[in-house]
Amino acid sequence: MVASYGKQRHGFAPEAINAPQEGRSLQQNRSVDHSPFQIYHPGSGRSWWLKQGENSIGRGFQNDIVVTDLSVSRHHARIYVNGQTIYIKDSNSTNGIFVAGQRVRECALQLDCIFKLGKVELAIIKPAVDDRSTDAWTMTWD
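Read on for a plain summary of the structure. (Residues numbered from 1 in each chain as written. Predicted model: local features only at pLDDT ≥ 70, side-chain atom pairs only at ≥ 80, totals over all residues. Heavy atoms only, no water.)

Remarks on the pairing of strand S5 (residues 46–51)
So, step 1. Relative to S5, strand S4 (residues 34–41) is paired through five bridges, and the arrangement is antiparallel. Within S5, the residue paired with His-34 across the bridge is Lys-51.
So, step 2. Once S4 ends, the chain turns through four residues before running back antiparallel as S5, passing Gly-45 with a positive phi of about 80 degrees. (Pairing = 2+ DSSP bridges. Helix = DSSP H or I, 4+ residues; strand = E, 2+ residues; numbered from the N terminus.)

As for the pattern of salt bridges
So, step 1. The final tally for this structure, using the stated rule, is three salt bridges.
So, step 2. Between Asp-64 and Lys-51 there is a salt bridge; the shortest N-O distance is 3.1 Å. One end of the pair, Asp-64, is in the loop between strand S6 (53–58) and strand S7 (65–67); the other, Lys-51, is in strand S5, and 13 residues separate them in sequence.
So, step 3. For Lys-51, a relative accessible area of 22% puts it in the partly exposed group.
So, step 4. Here Arg-105 makes a salt bridge to Asp-90, at a shortest N to O gap of 3.7 Å. Highlighted residues: Arg-105 in the loop between strand S11 (102–104) and strand S12 (106–109) and Asp-90 in strand S9 (residues 85–90), separated in sequence by 15 residues.
So, step 5. Using a relative accessible area of 6% as the deciding quantity, one classes Asp-90 as buried. (Salt bridge = Lys/Arg side-chain N within 4 Å of Asp/Glu carboxyl O. Buried < 20%, exposed > 50% of the residue type's maximum accessible area, 1.4 Å probe, protein only.)

In structure tokens, the structure reads:
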């Protein structure tokens, strides 16, 4: 079944999703060192915790954060978190990364920074309440 969402017509919703990855379980995730930051997708209201170190983002289901929009490459970018520093690096994507309207290959991201992967607009946020227990999907798969 093909769904229509705005001007895009394809089999996937043009919103960010976090898909399950094979071989990962809740038990394994308890040892993940989460940062206090999240990636936020204003279009869907969804958000995903970033872990310390490297976080992959793209359309492929093996990424830490999966974005189903067709303007996003399978392996679009890597987001690095080192303490309070957040850095994004393009993984040779087709449609690139845009920060403040400028296409970048790599860039430091600030809190509340809005950036685009292809046509998908995302933001870096730091929630006031650090309660991962209310988001079972993120708790299970991030």
